[in-house]
Each structure stands twice: as C-alpha cells, then as structure tokens.
Amino acid sequence: MRKSGTIFFFLLPLMAFAQDLSKERVVGIVSTLASDEMKGRKFGTSENDKAAEYIAGEFKKNNLGYCFGDSYLIPFEYKGQKGYNVCGIKKGKSEQSLAFSAHFDHIGTSNKEGDNIYNGADDDASGVSTVIGLADYFKDKKTDFSMVFMAFNAEEIGLIGSKALSENQNLNPVFNNIKALFNFEMLATESQFGKNAVFMTGDEFSDFDELINTNAVNGLKIYPDPYQGQQLFYRSDNVNFVKKKIVAHSISTVDMNKAFHYHAVNDDINIVDADNLTNIINNFAKTIEKFNTKNFQPKYNDKVKYEF
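Thresholds applied
Residues numbered from 1 in each chain as written. Predicted model: local features only at pLDDT ≥ 70, side-chain atom pairs only at ≥ 80, totals over all residues. Heavy atoms only, no water. Helix = DSSP H or I, 4+ residues; strand = E, 2+ residues; numbered from the N terminus. Buried < 20%, exposed > 50% of the residue type's maximum accessible area, 1.4 Å probe, protein only. Contact = heavy atoms within 4.5 Å. Axes fitted to C-alpha atoms, helices over the stretch in contact; angles between N-to-C directions. Parallel < 35°, antiparallel > 145°, perpendicular 65-115°, else oblique. Nonpolar A, V, L, I, M, F, W, Y, C, P; charged D, E, K, R; others polar. Core = buried A, V, L, I, M, F, W, Y, C linked by side-chain atoms within 4.5 Å. pLDDT = per-residue confidence, 0-100. Phe/Tyr/Trp six-rings, centres within 6.5 Å; stacked < 30°, edge-to-face > 60°. Lys NZ or Arg CZ within 6 Å of the ring centre and 35° of its normal. 1 Å grid on protein atoms, 1.4 Å probe; cavity = no way out; pocket = protein on both sides within 12 Å on 5 of 7 lines; lining within 4 Å. Points joined across faces, edges and corners; volume = space filled by probe spheres on them. Pairing = 2+ DSSP bridges.

Enquirer: What is the right way to look at the side chain of Asn238 in this model?
Expert: Positionally, Asn238 belongs in the loop between β8 (221-224) and α8 (239-242). You can call Asn238 buried: its relative accessible area is 0%. Once you skip the residues sitting within four places of it in the chain, Asn238 turns out to touch Asn183, Thr201, Phe233, Ala248, His249 and Ser250.

Written out as structure tokens, the structure is:
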C-alpha cells in the first residue's frame, strides 16, 4: 500500500498538467492555417473553404454538437460568393452559455514576385488556435455553462461572416443563451504589457474584464484597451453580437507600435511566440473553468451603444 501510494503521489504533478494544451498542438494549428498551401485563406477561395473544413474537423474531434442542422459548417453568401462560418456547441449543466470566437479568413495573395502569400499567422490563426485550444481543454470536462465555439469568415472584408451568423435566425436559440462572448483577435506576439498579458477592447463598457481578472490564474491579466481612439470595440467581429446586446469583447496582444507584420507577408509562423500563446490559452482555460452561472454574469453599463 505504501509503495502504490508513493507512486500515486509522484504521478500527481503529471495528472495535474495532463490536460494542459501543449505548445506543439498550438503550433500545429497555427501552422496548418497559416501554411503556404492555404494561400492566405481569402474569402471566396477554395483554400478558405479548406480552412473552414479543417476547423470543422477539429470541432468534431472535440465531440462538439452542431449549433443547428447536421453540420458545423454554416453557409452564407456575399456578393455572389458562398462561404462558411463554423459553429459547434458543448452542452453544460445550464443552458446559459459562454461563447469563444475568432475569424479564420485572411487577405490571400498578391501578384508580386517572391513571397506573395499573406499567411495570417497572427491575424487570426492565433485566435483560431485559442478557440480550438479551449475546445480541446474542455472536451472531457463537465462545466456549469454550456460553451459555443465559433470561427467567423469574411472578417477582412467588413465583418461579413460574423454578421451573417449573428443574423441567422436558426441560431437564435443558441445566441439567446449566450451571457458573454470572448472574441480572440491577434494573440501571437507579446503585448506591450508583457508576457501572459492581453488587452480588451471596450473595457469601459462592461465589467467583463474585472470579473475575469478577479478569477484569473497564474498571473494572467487583462489590461484596458490602449488604443481607445481607434474604436476597436466597434471594428471587430464582437460588434455584431453587441448589436444583439450580448456582452462581447475582443481580446488581443498586438502591440500596434511594433506590429510590422500586420497585413504583411511576414505574418507567418516565424513571428509567433508559441510559449506565450500557449501559456495564455491554458491560463484562460483554467480561469474560465472557475466560472459558473452565479459568479460570472458580466453586464454592460450605460456607456455602450447598441445601434451604430
């Protein structure tokens, strides 16, 4: 008995970290989406469809349910072109849900000689890796909240995919239960606040960040938006859910004073700080794991605008 107890004691650290997302997993997701073969995932291309199918496959591996119908792929049309958003759901003890999202499209290629592929590793394969990573983490966990996982298309041409998804009436039963949406946008590099730190758009409009910081683990911290003058809260996919009066904010690490890779061909796997990204995903997962329908009910204040 003493021997087996000793073995169990030494196994405890391994068991405690067994469900952490690995750096290799994160790099694998980003590398797949940001590969040259994906040719920048521009809306309306076969590579964009391939990216949507890849994400749907990852949702299937995590045993997510369909948001409606019999597929994770939810089609929409824009200016004669067809594309897909991706949506999956994990049922919790409550119908109330938390949502996690990122956009998977990017800007494609150019006609220039040499490297002409805008891989979009940071923008926003890093965000998609966070969404899939959270689905990985919670795959076998019982949660109080249900969880909705979404990958938006056509963000780069005007937030079109998230608009189409948010306005799809077949999804109203899902969206009516969302209490908060975490939209992840560009997390591949270290923020101006240091490692394990992010900022949140629209922090002045709700207590979302305060509730997260109160429960945050391992030093994870959300800072106020340092770029309030740019109105980023109203310029990311979260805005289409703000219109539905869902508490929805974008979370990022991008330091705009140093983001020379933004919409550039060097936004590839080489600019990704994989250790920091993996750490942020795991710490968000462990923080979110502490939430339940009683201790996490973020609310907007009277400063927010729903019509704009």
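Resuming the write-up.
Enquirer: Would you explain the packing of helix α2 (residues 23-33) against helix α3 (residues 46-61) in this entry?
Expert: A pair of packed helices is characterised by two quantities: the angle between their axes and the separation of those axes. In the contact formed by α2 and α3, the axes pass within 10 Å of each other and the chain directions differ by 155 degrees. As the angle between them shows, α2 and α3 are arranged roughly antiparallel. Seen from α2, the contacting residues are Arg25, Gly28, Ile29, Thr32 and Leu33; seen from α3, they are Ala51, Tyr54, Ile55 and Glu58. For the contact of α2 with α3, the class distribution of residues is five nonpolar, two polar and two charged.

Enquirer: Which parts of the structure should I look at to understand the nonpolar core?
Expert: For soluble globular proteins, the rule of thumb is that nonpolar side chains tend to be buried together. Among the nonpolar cores identified, the biggest contains 80 residues, and Ile55, Met150, Phe182, Phe284 and Ile288 are the most heavily contacted of them. When residues in this core are grouped by element, the largest group, nine residues, is from helix α4 (residues 121-138). Setting aside its immediate chain neighbours within four residues, Met150 contacts Phe59, Val86, Cys87, Ala99, Phe100, Ser101, Ala102, Val131, Leu165, Phe175, Leu181 and Phe241. In terms of nonpolar packing, the next biggest core, distinct from the first, is built from six residues, Phe199, Tyr227, Leu232 and Val254 among them.

Enquirer: Would you mind showing me how to read the confidence of the model for the protein here?
Expert: Close inspection of predicted coordinates is inappropriate in any region flagged by low pLDDT. Put simply, the protein has an average pLDDT of 94, and 94% of its residues get 70 or more. Contacts for the low-pLDDT stretch residues 1-18, under 50 throughout, to residues beyond four places or in other chains number two contacts.

Enquirer: How should the packing of aromatic side chains be read in this particular structure?
Expert: The description of an aromatic ring pair uses the distance of the two centres, along with the angle that the planes make with each other. Inspection of every chain in the model, using the stated rule, returns 22 aromatic pairs. Aromatic pair Phe100 and Phe149: ring centres 5.5 Å apart, planes at 35 degrees, arrangement tilted. Residue Phe100 is located in strand β4 (residues 97-103), and its partner Phe149 is located in strand β5 (residues 146-152); the two are separated by 49 residues in the primary sequence. The same class applies to Phe100 as to Phe149, namely buried. Between Phe182 and Phe284 the ring centres are 6.5 Å apart and the planes differ by 90 degrees, which places this aromatic pair in the edge-to-face class. On the criterion of sequence distance, the pair formed by Phe182 in strand β6 (residues 178-184) and Phe284 in helix α9 (residues 274-288) is long-range, its members being 102 residues apart. Like Phe182, the residue Phe284 is buried in the burial classification. The positively charged end of Lys245 is found above the aromatic ring belonging to Tyr306, 5.1 Å away from the centroid.

Enquirer: Help me out: how do you make sense of the layout of surface pockets in this one?
Expert: Sizing a probe to match a water molecule and rolling it over the atoms shows the empty space that remains. One number sums up the size of the largest pocket: a volume of about 400 Å³. Lining the largest pocket are 19 residues, with Glu185, Met186, Leu232, Met256 and Tyr262 sitting closest to its centre. Ranked by residues supplied to the lining of the largest pocket, first place goes to strand β9 (residues 248-252) with three residues. Tallied by class, the residues present in the lining of the largest pocket amount to eight nonpolar, six polar and five charged. Counted as a void, the second largest pocket has a volume near 180 Å³.

Enquirer: What am I meant to see in the pairing of β6 here?
Expert: Remark: a regular strand shows side chains that alternate across the two faces of the sheet. For β6, the tally of buried residues reaches six of seven residues, placing the bulk of the element in the interior. Pairing of β4 with β6, which is carried by five bridges, proceeds in the parallel orientation. Across the sheet, the residue bridging to Leu98 is Ala180, located in β6. Across four bridges, β6 lies against β9 in parallel orientation. Residue pairing across strands places Asn183 opposite Ser250, the latter belonging to β9.

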